[in-house]
Each structure stands twice: as C-alpha cells, then as structure tokens.
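One-letter residues, chain by chain:
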Amino acid sequence: MKSGGPVNVIVVGGGAAGLAAAKAAEEAGLSCQLLEAQDRLGGRVRTVPLESGGLFDEGAQMVNGDMRGLLALAQRAGLHLAPVPQTGIDLCIVGEEGLRGEDLISAEEIYDLLQDQVVRWDSVGEVLRALRLKLQWMTTPWDSFGEAGRALRLLVEKRTAPRDSLASALGALLLCKEDHAFAYSLFSEVFGGAPEDINAQAVRDILSRYGSQREDLEFQISGGMTKIVDGLAADLRHRPRLNTPVRRIRAAHDRVEVTSDAGTWDADQVVVAVPPPVARKIAFDIDGNDRLDGLLSSFTAGDMIKTALLFDTAFWRLKGLSGYVTFADPAGLVITDASLDEGLPPRLVAFQGGPLARDWAALRKEERQVNLLHHLRRAFGEEMPDPRELAEAVWVDHPWSGGGYNATVRIGGDPDAVARLAAWGGRVRFAGAELDDLFWGYVEGAIHSGRGAIARMIRETPSTAA
Ligand SMILES: Cc1cc2nc3c(=O)[nH]c(=O)nc-3n(C[C@H](O)[C@H](O)[C@H](O)COP(=O)(O)OP(=O)(O)OC[C@H]3O[C@@H](n4cnc5c(N)ncnc54)[C@H](O)[C@@H]3O)c2cc1C
C-alpha cells in the first residue's frame, strides 16, 4: 500500500532533530514528509501541567547562552528565559558528610583532566601531546605536589592511557576519595549509565568538541521546552504524520522505500532522526547494512528518572544552600533548584541516572518517593518539610527514545561511532542529539544535527536541491 505520492525527503522521528530537519528541507524547497511513531511530537521534549500550578518539563528543560539555535527559536516565539537559581552553597554528600562543592574538584576540572588522560593512540599528534603532558608532570615543581605525584604514579606503574571505560579513565586520574566519588556520581548522572560500561574515548571526543564554555544549567524556558518544538512544527507546510512507526527502510533503484505500520512511502532521500538504540529496531536494507548495524549497536541507551518536588518555601535557601546536591551514594543522584520566580511554588528537581534509575524503575512509584525523600533529608536535615506535590518521568527502556538523557557509546563499541554515523552518506542519513559535534546530547545539538543532515544532503547530492 503506497501512502502518499513520492517526496524528496522522508524524515523519520518528530523530536527536535527531525522537526529541524523537516523545516530545513522545506526551506530548501524540497517536499518532505515527517513520520512520527508516537501520538505527539517532541520526543524527549515533553511538558505537562502540574496540579499545584505551573508546568513540568519531563525531559529537556535547561539551556545556556551559547545555544544560539534554540535561543533564536525562543526569541521568535516570544518566550521568556528564566535564570536557574544558583546562589548559595552546593553540597556533595559522601557517606554521612555534607561537603561543600567549592572544596571539591569541579565538573570542568574533571572534564579537562579526563581529556588529557584519555589519549587516542591512533594519532601521532595525540601521542606527542600525551608525552608532553607527562613530561610536564615530571618537571612540575614540588609545590604542585598533586600533579607531580600523579606523574610519579604513572611512571612507576608504567600506565598507558586507558583505552576502555570511563571508570578506568577516572581511576587513572588518581583523585582523592571524595573527588573520585563526586566525579563517578556526576558521570553516572550525565551519561545515564555505569562509568564501567561507557567508552572513555567516545566521551573524551564529545567533551573536546563541546561548543560552550558556559554552564549548562543557565536558563529554563518558562512556558516549557515544548514551546520550542511546537514552534518548529508550526512552520511546517506538510503536516507530520503521528502514530506512524517506521519498521523498514529499503533502498530500491534510485529511490528509498520507507515502510511503517500505516503504509509505505517513496522518497529520494531519508533522514533517520531517532536515537541510535531505537534506530537499530528498524530493518535497514541499504548498502553497508553490516557496517551500519555495527555503528548503531555501538550505542547504549541512558537510564534516567526525573522528579520535580514542589514545596511551600525554598527551605534550602534559608540555610544558605543553593539546592544543588550531588550524592556519592547512591551514585547518579543529583538535585538542583529549578524554581521559577513567577509566583509558583519553589521546586527542586532530582535527576536519578544510570544503574540507580534502572533499580528504582523496578520499584513502585510510592517506594521511589520514599527513597528519594530519605536521601533529600540526608542533605537538608530531618526537619525538611514534605513536598506539596511530586511529579516524575521515568526514562528507562522507553520504547521510542531508549531512555535518557541520551545514548552513549558503550564499552566495546566503535569509539568513532558518533562521527561515523553523523557522516553516513548516500540516500539514508542520520541525525539526532547523539550525533551532534558541538552540542552533543542537548536539544541545541538535535536542532543543529537535523539542519546539518539536510545541508550535507544538498551539498553531497546536488540533484536533490529544488
Ligand atoms: C529527563 C531528561 C532531561 C533532559 N534535560 C535536558 C536539558 O535540560 N537540556 C537539553 O538541551 N537537553 C536535555 N535532555 C536531552 C534532550 O531532551 C535530547 O537530547 C533531545 O531532545 C533529543 O532530540 P532528538 O530529536 O535527537 O531525539 P528524540 O527527542 O528522542 O526524538 C526522536 C523521535 O523519534 C521518534 N521515533 C523513534 N523511533 C521511531 C520510528 N521507528 N518511527 C518513527 N518515529 C520514531 C520518537 O517517538 C521521537 O519522537 C534531557 C533528556 C531527558 C530524557
């Protein structure tokens, strides 16, 4: 059954990447049909109302001042950017101790150290850089004892840069116990997985290409992130088709055939804008099938539970705390103040990432809440009031996104899978937050990647251009 006339481009997936790709295709004068599996657009962007007023971004929420594509869309839609509250003391809970964030290593320092530690032995330049760094450590004056100690340990143990997991790379940084616990928990949350399972080289490449020096928790969009995807969708001439999961993509002569539960479409080109672990469920019948399967299976979906807790007062501020708390145990639990200064109840948002999310997803909602409140009281004291409302979104084994925040290259996967999948050419291309070079894993990256896939298509196959 053919479900519509042939089009220039089919876009599979109606998240930020797919919508941005469809819009870019139409702007280039191409006919384009977007096919979305779910009964709504947005993918990992979803905003829902709360009982006590205001909204809950179940998925993406924060944005920073370098995310130009997203900010331009927000400005066009007349949306207000609310600063994420950041005053007060950050905490890291290690055992029963509440350590001040300023006394620990920062996330930026860990990222920098990790980039120096994880060396790509496939490039002469990288090897030279690594040797220079080691030499620098060896000649470091003794007043910088930590660095020199690190160099000595590396020499004595004849360590080479770890080629494998993020956990072993972290171990090789020789951080003090508290810094290590903080970094391990942070990575479990950011990548939604156990650092033992995540490919250190792939992470290092993502970090080294990241397009911003600013914090990622700078602003949130009051009105909800969904307004951004709504804005992208509203501009499309050709209405996206919902409830249309694509099952098979087959190259046939000079066309591509895209088969979904709702029928089959013909197109000159296809952009697959779904997360790699979910794309793997589509049956591809195109040149390079095996290579493609190797790339798609290099990714592992993240696991994440996001919970909003609304209170009558911002009690943490009365104690001089920022509300930003990282827990060493359970690793992967991070809390932040995400109150909107709009007469709405103050709120904390808890991110439960990695194995913690997987474990807690197996519990009943009430059990998860008891666990979470127990840990919050470890940070804020037994006198912490109960929240007036608690809302959660479980992104574990999600059928259409795989999980959250994003999929990462797993241990044993191709460390270059991100770049290779993003550069995949021919009649079928790939886009998504996981494939962006500048803003990997963010909505900004999804938008940039979707637009980029269409730009490359037009550049590499000029016959496509209208
Ligand atoms: C809890 C959470 C918090 C986050 N916080 C932030 C944040 O604060 N800031 C930020 O920038 N980012 C954040 N992110 C990450 C961000 O949401 C994602 O990186 C981004 O939205 C991904 O966009 P995408 O278009 O690449 O993929 P998706 O949004 O996953 O879109 C893919 C789409 O493809 C559809 N699909 C899948 N399979 C098929 C198929 N076979 N056929 C048809 N359609 C299919 C899906 O239904 C989905 O709509 C967060 C994510 C989560 C889960």
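The rules behind the values
Residues numbered from 1 in each chain as written. Predicted model: local features only at pLDDT ≥ 70, side-chain atom pairs only at ≥ 80, totals over all residues. Helix = DSSP H or I, 4+ residues; strand = E, 2+ residues; numbered from the N terminus. Buried ≥ 20, exposed ≤ 12 C-beta atoms within 10 Å, placed from the backbone. Contact = placed C-beta atoms within 7 Å. Axes fitted to C-alpha atoms, helices over the stretch in contact; angles between N-to-C directions. Parallel < 35°, antiparallel > 145°, perpendicular 65-115°, else oblique. Left-handed = near helix turned anticlockwise from the far one by under 90°. Nonpolar A, V, L, I, M, F, W, Y, C, P; charged D, E, K, R; others polar. Core = buried A, V, L, I, M, F, W, Y, C linked by C-beta atoms within 7 Å. Near = placed C-beta within 6 Å. Pairing = 2+ DSSP bridges. Arc of directions from axis to C-beta.

As a further point, take the overall build of the protein chain. A tally of regular secondary structure across the protein chain gives 16 helices and 22 strands. Burial status across the protein chain gives 47% buried among its 466 residues. Intrachain contacts of the protein chain at a sequence separation of at least 6 include 73% that bridge at least 24 residues.

For the rest of this paragraph, the subject is the packing of helix H3 (residues 107-117) against helix H8 (residues 200-209). Look at H3 against H8: their axes get within 9 Å of each other, and the N-to-C directions meet at 120°. If you check the angle between H3 and H8, you find them oblique. Both H3 and H8 take part in a crossing whose hand is left-handed. The segment H3 lies against H8, with Tyr111, Leu114 and Gln115 engaging Arg204, Leu207 and Ser208. When grouped by side-chain class, the residues that make up the contact of H3 with H8 number three nonpolar, two polar and one charged.

Counting residues in each nonpolar core, the largest one holds 130 residues, and the members touching the most others are Val11, Val12, Ala21, Ile228, Val270, Val271 and Val443. Not counting residues up to four positions away in its chain, the partners in contact with valine 11 are Gly18, Ala21, Ala22, Cys32, Leu34, Val271 and Ala273.

Here the focus is the site of the ligand. Lining the immediate surroundings of the ligand are 40 residues, of which Gly13, Gly15, Gly43, Gly404 and Ala433 lie closest. Put simply, the parts of the chain that give the shell around the ligand at least two residues each are helix H1 (16-27), strand S15 (304-310) and helix H16 (443-460). Looking at side-chain class alone, the shell around the ligand contains 23 nonpolar, 13 polar and four charged residues.

This next bit is on the pairing of strand S18 (residues 347-353). Counting buried residues along S18, seven of its seven residues qualify, which places the element largely inside the surrounding structure. Across the two faces of S18 the burial is the same, with Arg347, Val349, Phe351 and Gly353 and Leu348, Ala350 and Gln352 all buried. Summarising the sheet, S15 and S18 pair through seven bridges and their orientation is antiparallel. From the neighbouring strand, lysine 306 faces S18, where its bridge partner is phenylalanine 351.

Pairing is antiparallel across the open sheet formed by three strands, whose spatial order is S5-S9-S6. Of all strands in the sheet, those with a lone pairing partner are strand S5 (62-63) and strand S6 (80-83), marking the two edges. Bridge count for S5 against strand S9 (residues 219-222) is two bridges, and the pairing is antiparallel. When the sheet's bridge partners are listed, methionine 62 is paired in S9 with glutamine 220.

Between helix H2 (residues 68-76) and helix H9 (residues 226-234), the least distance of the axes is 10 Å, while the angle of their chain directions is 80°. If you check the angle between H2 and H9, you find them roughly perpendicular. Contact residues: Leu70, Leu73, Ala74 and Arg76 in H2; Ile228, Gly231 and Leu232 in H9.

Along the chain, aspartate 329 connects to proline 330 via a cis peptide bond; the corresponding omega equals 5°. Of note, the bond from glycine 404 into tyrosine 405 is cis; its omega dihedral lies within 30 degrees of zero at -10°. Relative to the helices and strands, tyrosine 405 resides in the loop between strand S20 (402-403) and strand S21 (408-409). Positive phi, close to 50°, is recorded for leucine 174, a residue that is not glycine. Turning to its location among the elements, leucine 174 is positioned in the loop between helix H6 (166-172) and helix H7 (177-191). Here asparagine 243, not a glycine, exhibits a phi torsion of approximately 50°, which is positive. With respect to the helices and strands, the residue asparagine 243 is situated in the loop between H9 and strand S10 (246-252).

Another point: H9. Helical geometry: 3.6 residues make up each α-helical turn, so side chains three or four residues apart lie on a common side. Along H9, the positions that sit buried rather than exposed are Thr226, Ile228, Val229 and Leu232. For H9, the buried positions fall inside an angular range of 160° around the axis, keeping them on one side.

The next subject is the sheet that holds strand S16 (residues 321-327). Spatially, S8-S7-S16-S17-S18-S15-S19-S20 is the arrangement adopted by the eight strands of the open sheet, whose pairing is mixed. The open sheet has two edge strands, strand S8 (97-100) and S20, and neither has a second partner. Relative to strand S19 (residues 389-398), S15 runs antiparallel, the two sharing seven bridges. In the strand pairing of S19, leucine 310 is matched with glutamate 389. Contacts from H7 reach strand S7 (89-94), S8, S16, strand S17 (333-337) and S18 within the one sheet, and its direction differs from that of S16 by about 90°. This element, helix H14 (residues 365-380), spans S7, S8, S15, S16, S17, S18 and S19 of the sheet and lies at about 110° to S7.

Here the focus is H3. Among all positions in H3, only Ile110, Leu113, Leu114 and Gln117 are buried. Axial view of H3: buried residues confined to an arc of 100°, hence all on one face.

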